[in-house]
Amino acid sequence: MSKNQNAFIKKQKAELKKRKQKEKLEKKLARKEQPKSGDLEDMMAYVDRFGNISETPPEEELPQEKKSKNQHFNNKQ
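Conventions and cut-offs
- Residues numbered from 1 in each chain as written.
- Predicted model: local features only at pLDDT ≥ 70, side-chain atom pairs only at ≥ 80, totals over all residues.
- Heavy atoms only, no water.
- Helix = DSSP H or I, 4+ residues; strand = E, 2+ residues; numbered from the N terminus.
- Buried < 20%, exposed > 50% of the residue type's maximum accessible area, 1.4 Å probe, protein only.
- Areas by Shrake-Rupley, 256 points an atom, 1.4 Å probe, with all protein chains shown as cover.
- Patch = residues over 30% accessible without salt bridge, like charges linked within 9 Å, V, L, I, M, F, W, Y side chains within 5 Å.
- Salt bridge = Lys/Arg side-chain N within 4 Å of Asp/Glu carboxyl O.
- Lys, Arg positive; Asp, Glu negative; His and termini not counted.
- Charge placed at Lys NZ, Arg CZ, Asp CG, Glu CD.

K.L.:
Sorry, what's going on with the overall build of the protein here?
P.N.:
Per the secondary structure count, the protein includes three helices and two strands. Put simply, the protein runs from its N terminus to its C terminus through helices and strands in the order α-α-β-β-α. The buried share among the 77 residues of the protein stands at 0%. Accessible area for the protein stands at about 8800 Å²; split by element, carbon and sulfur atoms hold 52% of it.

As structure tokens, then:
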């Protein structure tokens, strides 16, 4: 009885191995079909101030006016 189970398990493992090899080959061919470009612009990624990654550069933000400590004290008096 154990011989039948071993044979069945061997067949299952062989089928699983063949299926994985087939999927791996399909992925490999799909990667080869994609156009490749070594342009720096295609490899660039930008991160905004919230940590999100995007392909477009973030918009320039205007710097906020900083009050110096001297101006702050002068306004209080």
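K.L.:
What am I meant to see in a positive patch on the surface here?
P.N.:
A cluster of like positive charges, contributed by Lys24, Lys27, Lys28, Arg31, Lys32 and Lys36, occupies part of the molecular surface. Inspection of the secondary structure assignment puts Lys28 in helix H1 (residues 2-33).

K.L.:
When you look at a negative patch on the surface in this model, what are you seeing that I'm missing?
P.N.:
There is a patch of like negative charges on the surface, built from Asp39, Glu41, Asp42 and Glu55. Mapped onto the fold, Glu41 is located in helix H2 (residues 40-43).

K.L.:
Help me understand the environment of Pro57 in this model?
P.N.:
As for its position among the elements, Pro57 is in the loop between strand E2 (53-54) and helix H3 (69-76). C-alpha separation for the pair Pro57 and Val47, spaced 10 residues apart in sequence, amounts to 8.1 Å.

K.L.:
I tried to follow the environment of Thr56 on my own but got confused; where do I start?
P.N.:
By secondary structure assignment, the location of Thr56 is in the loop between E2 and H3. By relative accessible area, which is 54% here, Thr56 ends up exposed. For the pair Thr56 and Glu41, spaced 15 residues apart in sequence, the C-alpha to C-alpha distance is 10.0 Å.

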